[in-house]
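Take a look at the letters that make up each chain.
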Amino acid sequence: MGLLVGCSSSNEQTQDVTNLTIYSGRSEEFIAPFLVEWETQSGIKLNIRYGDSAELTAQILEEGSNSPADLFLSQDAGSLGAISEAGLFISLPSDVAQSIPAQFVSVNRNWIGVTGRARVFAYAPDRVKTLPQSVADLTKPLYKNQIGIAPTNASFQAFVTALIQNKGEKFAKSWLQGLTANGVKIYQKNSAIVEAIDKGEISIGLVNHYYLWEVSKGLGRSINVKNGFFTPGDIGNLINVSGAGVLASSKKQGAAQDLINYLTSAPAQQKFVTDTHEYSLIDGANAPAELPRLDQIGAPSIDLGKLKSIKRTQDLLIEVGLL
Amino acid sequence: MTSLEISHLRVSFNKKVILDDLSLSVAEGQIAALLGPSGCGKTTLLRSIAGLIAPSDGTIRFGKQLVSLSSLVLPSHKRKIGYVPQEGALFPHLNVADNIAFGLDRAVFTKDQIRQITKEMLSLIGMEGFDNRAPNQLSGGQQTRVALARALAIKPAIVLFDEPFSALDAQLRTDLRADVIDLLRAHNTTAILVTHDREEALVSADTVALMREGKIIQQGSPEQVYSSPISPAIAISTGDALVLRAFKLSDGTTSYILNTQKSLAQSVETGHIVIRPEEIKIHRNLSSNSINGRIAKIDYYGHDAMIGINVEHEYLQVRIPGPFDFSIGEQVALEHIGPLRFFADGKTAI
Amino acid sequence: MNTRMQRALKLSLNSAVGMVAALSMIPLVYLFVRASDKPMGEIVQLLVRQKTLDVLTTTILMVVCVVAITLFFGVAIASGLHFVHLPLRRLLIIPTVLPLAIPSYVFTYTWIALVPSFSGFAAAVFILSLTTLPYIILVTLAGLRSVDGSQIEVARSLGLNYRQTFFRVVFPQIRGHASAGALLAGLYAMSDFGAVSLLNVETLTVSIQNMYRASYDRSAAAVISFVLIAFAVLFVIAEESIKTKSPDGQIVKTFSTKHALIRKRPLQVTVMFAVITFGVVAVVIPFYVLLTRFFSNPVGIDWRSLLTATISTITVAAIGAIIALVLSAPLGVLLSGKVTSFGRIAERTIVVGAALPGVVVGLALVSIGSKLGALYQTTLLLAFAYALLFLAKSVASMTSSLARVPNGVKEVAATFGMNQWSVVRKVIAPIAAPGIGLGTILVFLTAMKELPATLMLRPTGFETLATQIWSSTSINRFNEAAPFALILVLVAAIPSFYISRPDKADRAFI
């Protein structure tokens, strides 16, 4: 099991560990069942601190080596990258989370992806007859005043960062300006975009794939919205990840890695697909209901680690007046 | 030049009747003193006249103008009235000069006129140079004086004073009172002065109204209310009084402790008589026919003295002019030299 | 008491005040350390770029609008409640004060649910005005009650109608009170994050938050925080200059007459209408939305977590309020006597701290707290955070309550041979206690609603009603959030109601 690799001598042996502290930017509603199951299996009690990914990141950065956290579960790669850059994560041994493909793991193995969150365009099937093939289509007059985005949202900003990486800043800027000229509507939250489509305010929105399900569950009824993907390879099909990293200051690294292994194991991954409607990152896994498989989406290849410097993106968004 | 006519006024508050069928009339230019125990409604009456409370019944007239008819009232700010409440109530955010000039309409008076009037008022109350003081820098008596000046500055037709001089020391009180009254008379201002000081009422007023439990029990000139009170209680309200047990006899005479006539007639009515202390003379000519007593106490006031004398089972207070040469323990003879005011039991107004 | 003892006491008082002021500066020191991580050139760049100026302008405009609106309506409603004869007058004040119990983010959620397109600057001004109006109303009412009814009667007898009397006699005397309320309202508007972020308005607090998210650049966030602090300092100084213009001399009244209430129909109707409208908008509608949101998609209520969260909320908020009380005592005592420049500076430092958003104070305490080992992420530290966050409120009520003790009383007590401590215990405390108690309740109320610092500093697993609301709403489960929101409002309504009672309210503030 390779528990001793990468551990300092002050690390507790997993069998001696009685409790583990987790900072979770993932919502309790979704992640708790997994953690409870691991708790039962391992006999290790979990102290879980729930919060917002970005605020928890700032908190961990402030705490530095004094952080009580052993493991950090984050909702997006950017935050994991920031902590990694501050040197607060350990480099995970190669046998931890073996099932996760390399494209979803950070270069120095400081953090690994756990679930996939696909960027999609949500749309109203009765009102959008011609689906956009690429993000560039969204600036067409066909979709004038029909599109909604959430520029303050981390996943949108991650997407724009990827866009800049992939196509260059000039392209990104003119695309954003094109959107504005096309009457794009601004929302604070992805869920608000989906609700707006359902209500008929707009017809298309750039969100993460699972919001459909989240909104529908929250309202307690089905909604008039579907998820759509751009042509395979289009930057609009970016797959972002939720992930985890082990704090270098932790004295229970072995136990923390054990939890990561659990989360990336096939049964747990399958459970993510069915229960939280996220994508499993394991090769050949099933897709969430009514959605194409991960390998069918045709995600662009992007170094997720680079998504942490959203500053440039933010400046650009400010420049074009979307922020 | 405005008279004040109050007729059958009724004022309630929270279902409690405070003024009950109250009538009062003050001729123009007259100063009326309102005497009464605390809680009898004096302040309420003043506030009704000022238009600050709406009565439930009755009328109030300023001269010919009807200002209050049942619950229909002319608003307070439309009545040209001066009101000096008990606590003075100076505006804390204005200095003395601005307080005094507060009621002078700047649309009507020029700045110079205002300054002039303020100066006159300050002179009247003896506080020249106090223009820029803040109210919280003044003593209680000074605050009262400024409040007076403020009310008088607008030269109102009617002024209402609620115990204005009570915060002042004796000398200041007498002087200021005299000045204020001169001013009122000079302008023929009608005034109501609420006071608990009996002597102040008698000396300042043209008419004295005695109030009890929301009603005016007796109104008349100072002499009238002093010499001819309509009840022992009223008598005590207007001055020191001896209230003695007395009996009306079948032969028409009245039997009481100082009566030298010893009649054997039957008692027909029981009651009391009221004697003023100065209406008893004492001398050393003791005889078997005289009523005699022993001096127990001497209170010397300078201009007169109150002598306490034990007569039979009674203790009587007698006022004699100073100087005198009586001493404690002496036996003296008492002689009643005043009117006989007999009040039968059960037949007297409160 | 001899001069040596006096001097020793004075010294210990001043040092206590100094310590408290130093504590309240912890966030400032944190911000300074973070900001200095950046080279000077970048800092200047950050400060002068267009975006910063835009955000600063938005913030200033918003604060100005909120203060103007709340002053106007607050003074008007308070005056109406005080002077006009209304049916059930004593009960009418309750709806004007209940919004104190509702967190601004709950307000915002309910209004968005009601009007989906509800967003933008005007919406933010609306929500923040609703949230802060109770402060102005309460404070102004307190001021109105201290104006002797006889003055109004004299003014009227001198020929002034009601309107003139109000502006020439009443208003000059309540100006100080109203401006103190405006101060609280403005500082709150500056520091609010929940409402403005949901409504898409970028104020400085939103900008600071975005900085934390964007590049996890805590230095940039710190620099922007200083912009906020600079604005807050200017705001406080501006308010003080207004305050000193109004008179502070209080002629100690032994009794004050109750003036007769105005019975003019048009006025009565206007006031009733205003109060009822405010009550509907600020209380009825949020409740209605919360209830319908819950009943339209009912889930089983987890009674146990509801109960635990309630108890946790009440406990930590209460401890925080008590700590705030203890911390503000030295400054209160100092300021109630002769005001020294030291006391003034200490007061200003503490008051400016009220402008800081919860996230900044939270991170500052994380920074220090994480170095404190066992003390980190304890209930005590969280309570201390609350005390620090709301110290300004506690100081304000402490100062004004102690100022009510007339100097003469203290001196007379001294002649009875009482030493300083006995004087405090037997004379000052009974007079000032009610007001101080009420100020503490106010801190308690506000602490119950706090979110960002709570999320960061609470013991792991410790849930308050606010954190539960957040965790449901962050995944869009408004129906699940509703029970917690309702309980929070109901629990907070009790102290709100208590503060609103006429005989209590005026002692809470001035």
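My aim in this report is to walk through the structure given alongside it, one point at a time. Nothing here was measured: the structure is a model prediction, and the numbers come from that model.

1. Some thoughts on the overall build of chain A
Here's step 1: Within chain A, the regular secondary structure consists of 11 helices and 10 strands.
Here's step 2: With respect to the three principal axes, the spread of C-alpha positions in chain A is 65 × 40 × 30 Å.
Here's step 3: Within the span of chain A, comprising 323 residues, buried residues form 57% of the whole.

2. Quick look at helix H15 (residues 341-352) of chain C
Here's step 1: Taking 1.5 Å per residue, 12 residues should reach 16 Å; H15(C) reaches 16 Å between its end C-alpha atoms and fits that length.
Here's step 2: The set of residues buried in H15(C) consists of C:Gly343, C:Ala346, C:Glu347, C:Thr349, C:Ile350, C:Val351 and C:Val352.

3. Focus: the sheet that holds strand S2 (residues 16-26) of chain B
Residues and elements named next belong to chain B.
Here's step 1: The sheet built from five strands is open, its strands ordered S2-S1-S4-S5-S6 with antiparallel pairing. With one partner strand each, in any of the chains shown, S2 and strand S6 (72-73) form the two edges of the open sheet.
Here's step 2: Where strand S4 (residues 57-62) and strand S5 (residues 65-69) come together, four bridges link them in antiparallel fashion. Looking across to S5, one finds that arginine 61 is bridged to leucine 66.
Here's step 3: On the sheet, helix H1 (residues 42-50) packs against strand S1 (4-13), S2 and S4 and is oriented at approximately 65° with respect to S2.

4. A short note on the environment of A:Tyr187
All names here are of chain A.
Here's step 1: Its place among the elements puts tyrosine 187 in the loop between strand S6 (185-186) and helix H6 (190-199).
Here's step 2: Linking tyrosine 187 and proline 151, residues 36 residues apart in sequence, is a C-alpha distance of 7.6 Å.
Here's step 3: Residues within four places of tyrosine 187 in sequence aside, it is in contact with Gly148, Ala150, Ala192, Ile193 and Ala196.

5. A look at helix H8 (residues 149-157) of chain C
Here's step 1: Across the nine residues that make up H8(C), a large majority, eight, are buried.
Here's step 2: Listed as buried for H8(C) are C:Ser150, C:Gln151, C:Ile152, C:Glu153, C:Val154, C:Ala155, C:Arg156 and C:Ser157.
Here's step 3: Contacts from the buried residues of H8(C) go to H1 and strand S7 (81-84) of chain B together with helix H9 (162-191) of chain C.
Here's step 4: C:Gly159 sits one or two residues past H8(C) and shows a positive phi near 110°.

6. Side note on the packing of helix H13 (residues 265-296) of chain C against helix H23 (residues 478-500) of chain C
Residue and element names in this part refer to chain C.
Here's step 1: Axis separation between H13 and H23 bottoms out at 8 Å; the angle between their running directions is 135°. Taken together, the axes of H13 and H23 lie oblique to each other. Crossing geometry of H13 relative to H23 is assigned as left-handed. Facing H13, whose interface residues are Leu290, Arg293, Phe294 and Ser296, H23 presents Phe478, Asn479, Ala482, Pro483, Ala485 and Leu486.

7. Remarks on the arrangement of the chains
Here's step 1: Considering every one of the two pairs of chains in contact, the largest contact total is recorded for chains A and C.
Here's step 2: Chain A shows no contact with chain B. Their nearest C-alpha atoms sit 50 Å apart.

8. Some points on unusual backbone geometry
Glycine aside, the phi torsion of most residues is negative, and most peptide linkages are trans.
Here's step 1: The backbone of A:Asn145 sits at a positive phi, close to 60°, despite the residue not being glycine.
Here's step 2: Here A:Asn145 lies in the loop between strand S4 (112-123) and strand S5 (147-149).
Here's step 3: Despite not being glycine, B:Ala89 shows a phi value in the positive range, around 55°.
Here's step 4: Take B:Ala89: it is sitting in the loop between S7 and helix H2 (96-100).

9. Let's talk about the interface of chain C and chain A
Here's step 1: Across the contact, 32 residues belong to chain C and 37 residues belong to chain A.
Here's step 2: Where the side of chain C that touches chain A is concerned, the elements lending two or more residues are helix H11 (204-214), helix H16 (358-369) and helix H21 (452-457) of chain C.
Here's step 3: Residue composition of the side of chain C that touches chain A, grouped by class: 13 nonpolar, 13 polar and six charged.

10. Side note on the pairing of S5(B)
Residue and element names in this part refer to chain B.
Here's step 1: The hairpin turn running from S4 into S5, its antiparallel successor, is two residues long, and glycine 63 in that turn takes a positive phi close to 60°.
Here's step 2: Relative to S6, S5 is paired through two bridges, and the arrangement is antiparallel. Across the sheet, residue leucine 69 finds its bridge partner in S6, namely leucine 72.
Here's step 3: The hairpin formed by S5 and S6 contains two residues between the paired strands, and serine 70 there has a positive phi angle of roughly 50°.

11. Quick word on the sheet that holds strand S16 (residues 291-300) of chain B
All names here are of chain B.
Here's step 1: On the basis of which strands lie adjacent, the open sheet formed by five strands has the order S15-S19-S16-S17-S18 and antiparallel pairing. The sheet is open, and its two edges are formed by strand S15 (280-283) and strand S18 (314-321), each paired on a single side. In this sheet, adjacent strand axes meet at a mean angle of 45° when their direction is disregarded.
Here's step 2: When strand S17 (residues 304-311) meets S18, the two strands line up antiparallel, connected through eight bridges. Bridge pairing links asparagine 310 to tyrosine 315 in S18.

12. Things to note about the interface of chain B and chain C
Here's step 1: Opposite the 21 residues of chain B that make contact, chain C presents 20 residues.
Here's step 2: Per element, the largest residue contribution to the side of chain B that touches chain C is three residues, and it comes from S7(B).
Here's step 3: A breakdown of the residues in the side of chain B that touches chain C according to their chemical character gives 13 nonpolar, six polar and two charged.

13. Topic: the environment of C:Arg304
Here's step 1: Tracing the backbone shows C:Arg304 in helix H14 (residues 303-336).
Here's step 2: Each C-alpha atom of the pair C:Arg304 and C:Val48 lies 52 Å from the other, and the pair is 256 residues apart in sequence.

14. Regarding the packing of helix H4 (residues 50-83) of chain C against helix H7 (residues 121-145) of chain C
Residue and element names in this part refer to chain C.
Here's step 1: As a packed pair, H4 and H7 sit with axes 7 Å apart at the nearest point and diverge in direction by 40°. By the angle between their directions, the pair H4 and H7 is classed as oblique. The element H4 and its partner H7 pack so that their crossing is right-handed.
Here's step 2: Grouping the constituent residues of the contact of H4 with H7 by class yields 19 nonpolar, seven polar and no charged.

Calculation rules
- Along each chain, residues carry numbers from 1 onward, in the same order as the chain's sequence is written.
- Lettering of chains starts at A and numbering of ligands starts at 1, both following the order in which they are written.
- Local features in this predicted model are restricted to residues whose pLDDT is 70 or higher, and side-chain atom pairs enter the listing and the counts only when it is 80 or higher, whereas totals over whole chains, interfaces and linings include all residues.
- Starting at the N terminus, helices and strands are each numbered in turn, a helix being any DSSP run of H or I of at least four residues and a strand any DSSP run of E of at least two.
- Note on burial: count the other C-beta atoms lying within 10 Å of the residue's C-beta; 20 or more is buried, 12 or fewer is exposed, in between is partly exposed, and C-beta positions come from the backbone.
- A helix is expected to reach a length of 1.5 Å times the quantity of its residues less one.
- Strands are treated as partners if at least two bridges between them are detected by DSSP.
- A pair of residues counts as a contact when their C-beta atoms, built from backbone coordinates, are within 7 Å of each other.
- Axis geometry follows a simple rule: fit a line to the C-alpha atoms, using only the stretch in contact for helices, then measure angles between N-to-C directions, giving values from 0 to 180 degrees.
- Any angle that falls under 35 degrees is termed roughly parallel, while one over 145 is termed roughly antiparallel, one within 65 to 115 roughly perpendicular, and all others oblique.
- Two helices cross in a left-handed way if the nearer one is turned anticlockwise from the farther one by less than a right angle. They cross in a right-handed way if the turn is clockwise.
- Any residue that is not Ala, Val, Leu, Ile, Met, Phe, Trp, Tyr, Cys, Pro, Asp, Glu, Lys or Arg is counted as polar, Gly included; the first ten are nonpolar and the last four charged.

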